[in-house]
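Residues per chain are reported as follows:
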Amino acid sequence: MSKPRVGVLISGRGSNMMSLIEAAAAPDFPAEIGCVISNRPDAHGVVRAQAANIPTRIVDHKAYEDRSSFDAALDEALTEEQIDVVCLAGFMRLLTRAFVMKWTGRMINIHPALLPSFKGLNTHERALAEGVKIHGCTVHFVTPEMDVGPILIQAAVPVLEHDTPGSLGARVLEQEHLVYPQALRMVCEGRARLENGRVVIDGFEIAPPPLVVPPLG
C-alpha cells in the first residue's frame, strides 16, 4: 500500500521542511515527501530539498497578476505531483478561500506561538513585549482565516529573564522541529482528522489540544 504523498510549501530557508524530510526518511513514517514547492526562486530551502533528493518546483507569485491565478497554478502543481497532504513550512503567502476549502482537512501549518495568542508575524518580539512567561508553537489545520485553524498539537517553552527574540525563537524552533513531524504522522496515519470544524484524534474530540511541555529547567 502506497504512503500518502506530502507537498511542502516554503518561502525561505526551509528549516521545518527539513524536519519533515528527515522524519519521512524513516521506514516506519506513514508518508513520503512528494515535492517541495517555493513561491520564491531564491529560497534556500529549494537547495536544501534538492540536496535531500526531493523533487522541487518553483511557482513564483510575482509571475501572476493576482492571488487567485497564483493559487490556481499552485493547485495545478500539487495535483500534477499527486499530493495528498499539504504542509506549510514558512510559506509567506495568504491563500485564497477557494484554495483552502479544496484542501480543508488535508493542509496543516506550523505557527511560532501558542495560538490563539500572537497571530501573524514577529511573534517572539511581541511575546517579550507582552511579558508572557510561556511561549511556544502550534500545528493546526489551515482554514480561510489566518492562524485560527483547529489545533492539532502545541509545544510550550519558558520565557527566560534575559531572553531576546533570537534566543527565545531558537528554543521555540527546536520544538517546532519535534512537533511538526508528530502532527503530520497523526494526520497521515488517519489518527487525527477534521470533523465539523473540530480536531478528532483516535476517535475523540480533543479540548484542549495536546500540549507538549519540555522540562523548564
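Residues numbered from 1 in each chain as written. Predicted model: local features only at pLDDT ≥ 70, side-chain atom pairs only at ≥ 80, totals over all residues. Heavy atoms only, no water.

1. Quick look at helix H3 (residues 67-80)
For H3, built from 14 residues, the straight-helix expectation of 20 Å at 1.5 Å per residue is met to within 8% by its first-to-last C-alpha distance of 20 Å. Here H3 has its buried residues at Phe70, Asp71, Ala73, Leu74, Asp75, Ala77 and Leu78. Where H3 begins, the capping side chain belongs to Asp66, and its oxygen is found 3.4 Å from the backbone nitrogen of Ser68. Downstream of H3 by a residue or two, Gln82 has a phi angle that is positive, lying close to 55 degrees. (Helix = DSSP H or I, 4+ residues; strand = E, 2+ residues; numbered from the N terminus. Expected span 1.5 Å × (residues − 1). Buried < 20%, exposed > 50% of the residue type's maximum accessible area, 1.4 Å probe, protein only. Polar contact = N/O pair within 3.5 Å; in protein donor to acceptor, adjacent residues only side chain to side chain.)

2. Some words on the pattern of salt bridges
Two side chains bearing opposite charge may form a pair once their charged atoms approach each other closely. Taken as a whole, this structure holds 13 salt bridges when the rule is applied. Across the pair Lys102 and Asp75 runs a salt bridge, and its minimum N-O distance is 2.8 Å. Taken as a pair, Lys102 in helix H4 (residues 97-102) and Asp75 in helix H3 lie far apart in primary sequence, 27 residues in all. One connected set of salt bridges, linked through shared partners, spans Arg5, Glu32, Arg57, Glu80 and Glu81. (Salt bridge = Lys/Arg side-chain N within 4 Å of Asp/Glu carboxyl O.)

3. A look at unusual backbone geometry
Looking along the chain, the bond that leaves Leu115 and enters Pro116 is cis, with omega of 15 degrees. Inspection of the secondary structure puts Pro116 in the loop between strand E5 (107-111) and helix H5 (123-130). A positive phi is found at Phe118, a non-glycine position, where the angle reads about 55 degrees. Looking at where Phe118 falls in the secondary structure, it is placed in the loop between E5 and H5. Taking relative accessible area as the criterion, Phe118 reaches 15% and is therefore assigned buried. The phi dihedral of Asp147 is positive, around 60 degrees, even though this residue is not glycine. Within the secondary structure, Asp147 is located in the loop between strand E6 (134-141) and strand E7 (151-158).

4. Observations regarding the side chain of Thr96
Within the secondary structure layout, Thr96 lies in the loop between strand E4 (85-88) and H4. The exposure class of Thr96 is buried, given its relative accessible area of 13%. Beyond its immediate sequence surroundings of up to four residues, Thr96 is in contact with Arg67, Ser68 and Asp71. (Contact = heavy atoms within 4.5 Å.)

5. Considerations on the side chain of Asp71
Note that Asp71 resides in helix H3. In this structure, Asp71 is buried with no salt-bridge partner, the nearest side chain bearing the opposite charge being Arg67 at 5.6 Å. Not counting the four nearest positions on each side in its chain, Asp71 is found in contact with Leu95, Thr96 and Phe99. (Lys, Arg positive; Asp, Glu negative; His and termini not counted.)

6. Topic: the packing of aromatic side chains
Using the criterion set out here, one finds two aromatic pairs in the structure. Relative to Trp103, the ring of Phe99 lies with its centre 6.5 Å away and its plane at 35 degrees, an arrangement referred to as tilted. Look at Phe99 and you get buried, because its relative accessible area is 4%. With a relative accessible area of 2%, Trp103 lands in the buried category. Sitting over the ring of Phe70, Arg93 keeps its end group 5.8 Å from the ring centre. (Phe/Tyr/Trp six-rings, centres within 6.5 Å; stacked < 30°, edge-to-face > 60°. Lys NZ or Arg CZ within 6 Å of the ring centre and 35° of its normal.)

7. Some thoughts on the packing of H5 against helix H6 (residues 165-188)
Interaxial distance between H5 and H6 falls to 9 Å at its minimum, and their mutual angle equals 115 degrees. As far as their axial angle goes, H6 and H5 are roughly perpendicular. Viewed along their axes, H5 and H6 form a crossing whose handedness is right-handed. Contacts between H5 and H6 involve His124, Glu125, Ala127 and Leu128 on the former and, on the latter, Pro165, Leu168, Gly169 and Val172. Residue composition of the contact of H5 with H6, by class: five nonpolar, two polar and one charged. (Axes fitted to C-alpha atoms, helices over the stretch in contact; angles between N-to-C directions. Parallel < 35°, antiparallel > 145°, perpendicular 65-115°, else oblique. Left-handed = near helix turned anticlockwise from the far one by under 90°. Nonpolar A, V, L, I, M, F, W, Y, C, P; charged D, E, K, R; others polar.)

So, to be careful, I would describe these as geometric facts and stop short of saying anything about function.
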